[in-house]
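Residues per chain are reported as follows:
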Amino acid sequence: MKTLKTTFVLLAVMSFFAFTIQTEDAGYKVGDMATDFSLENIDGSMVSLKDYKDAKGFIVIFTCNTCPYAVAYEDRIIALDKKYAQKGYPVIAIMPNNTTVKPDDNMEAMKARAKAKGFTFPYLLDKGQKIYPQYGATKTPHVYILQKTSDGNQVKYIGAIDDNYQDAEAVNQKYVEDAVDALLAGKAIKETQTRAIGCSIKV
């Protein structure tokens, strides 16, 4: 009986660690090459990274209409695109939620939100939820900075936009800005990964 109990405990522990490792290994890591995608934009066009011939890289942000964290960051996302698109790092926003679960995140709602806020960047629907798992995104918002290289689009940063979702004026660390500024200057990024703060992506 004692041996049986020990075996059961060992199996339970092994199962736990196997699950943990699998979860942590999901999605891209810094240094990985991100595959391209083709997703529908709010204007009806299909958008791919390869469409941006002159881009040096991308600020890919998984975001949505309904998450309070995502809404709190909208103005800052617009500001990021205005600042960096002209420097070669445009924002590409992707809405990853299941729209059956979150109907206020459907394409019509995305169009209305983008118009109301004056989005200056593509706002794409991850129809069928095929892209966000590839990236390993878990939150809205969740940021992936990609840099164009001869081998493809390399992941250079993963995580949060900054360190204060509640108050833009109280931000101490602008993770995304610092990362893109480093890339533009040809320097190493000091913080390549931070913890994304936001709502869980709805499946």
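Right, let's walk through the structure included here. Being a predicted model, the structure only gives us computed values, none of them experimental.

Side note on the overall build of the chain
Of regular secondary structure, the chain possesses five helices and 10 strands. By element, 54% of the accessible surface of the chain is carried by carbon and sulfur atoms, the whole surface being about 11000 Å².

Describing the state of the cysteines
Under the definition given, this model contains one disulfide. Bridging Cys67 to Cys199, the disulfide has an S-S length of 2.2 Å. When the S-S torsion is 85 degrees, as for the bridge of Cys67 with Cys199, the disulfide is right-handed. With a gap of 132 residues between them, Cys67 in the loop between strand E4 (57-62) and helix H2 (68-84) and Cys199 in strand E10 (residues 199-200) connect regions that are remote in the sequence. With respect to class, Cys67 is no different from Cys199; both count as buried.

Focus: the sheet that holds E4
The strand order across the open sheet formed by eight strands is E1-E9-E8-E4-E5-E6-E2-E3, and the pairing between neighbours is mixed. In this open sheet, the two edge strands, each paired with only one partner strand, are strand E1 (33-34) and strand E3 (46-47). In this structure, strand E8 (residues 142-149) lies alongside strand E9 (residues 152-159), joined through seven bridges in antiparallel fashion. Bridge pairing links Val143 to Gly159 in E9. Here helix H5 (residues 175-185) sits on the sheet in contact with E4, E8 and E9, set at roughly 5 degrees to E8.

A closer look at unusual backbone geometry
Peptide bonds are, in most cases, trans, and in most cases residues other than glycine have a negative phi. Between Thr140 and Pro141 the backbone carries a cis peptide bond, its omega angle lying at 0 degrees. Relative to the assigned elements, Pro141 resides in the loop between strand E7 (139-140) and E8. The phi dihedral of Gln129 falls on the positive side, at around 50 degrees, and the residue is not glycine. A relative accessible area of 19% places Gln129 in the buried class.

Re the nonpolar core
In terms of nonpolar packing, the biggest core is built from 34 residues, with Ile59, Val143, Ile145, Tyr157 and Val176 touching the most fellow members. For this core, the elements supplying multiple residues, two or more each, are E4, H2, strand E5 (91-95), helix H3 (107-117), strand E6 (123-125), E8 and H5. In this structure, Tyr28, Leu39, Tyr135 and Ile201 belong to the second largest nonpolar core, which totals 22 residues.

Parameters and conventions
- Starting afresh in each chain, residues are numbered from 1 along the sequence in its written order.
- Owing to the predicted nature of the model, reporting of local features is limited to residues with pLDDT of at least 70; listing and counting of side-chain atom pairs is limited to 80 or more, with chain, interface and lining totals taken over all residues.
- Water and hydrogen atoms play no part in the side-chain values, which are based on all heavy atoms of the structure.
- Think of it this way: any DSSP run of H or I at least four residues long counts as a helix, any run of E at least two long counts as a strand, and we number them from the N terminus.
- With residues, only the protein chains shown are counted as cover, and all accessible areas are computed by Shrake-Rupley using a 1.4 Å probe.
- Cysteine sulfurs are considered disulfide-paired once they come within 2.5 Å of each other.
- Buried means the residue's accessible area, taken with a 1.4 Å probe over protein chains only, is under 20% of the maximum for its type, while exposed means over 50%, and partly exposed covers the values in between.
- The criterion for strand pairing is that DSSP finds at least two bridges linking the strands in question.
- Contacts: residue pairs with any heavy atoms within 4.5 Å of one another.
- Between N-to-C directions, angles cover 0 to 180 degrees, with each direction set by a line fitted to C-alpha atoms, over the stretch in contact for helices.
- Side-chain atoms within 4.5 Å link the members of a nonpolar core, which is a set of buried Ala, Val, Leu, Ile, Met, Phe, Trp, Tyr and Cys residues.

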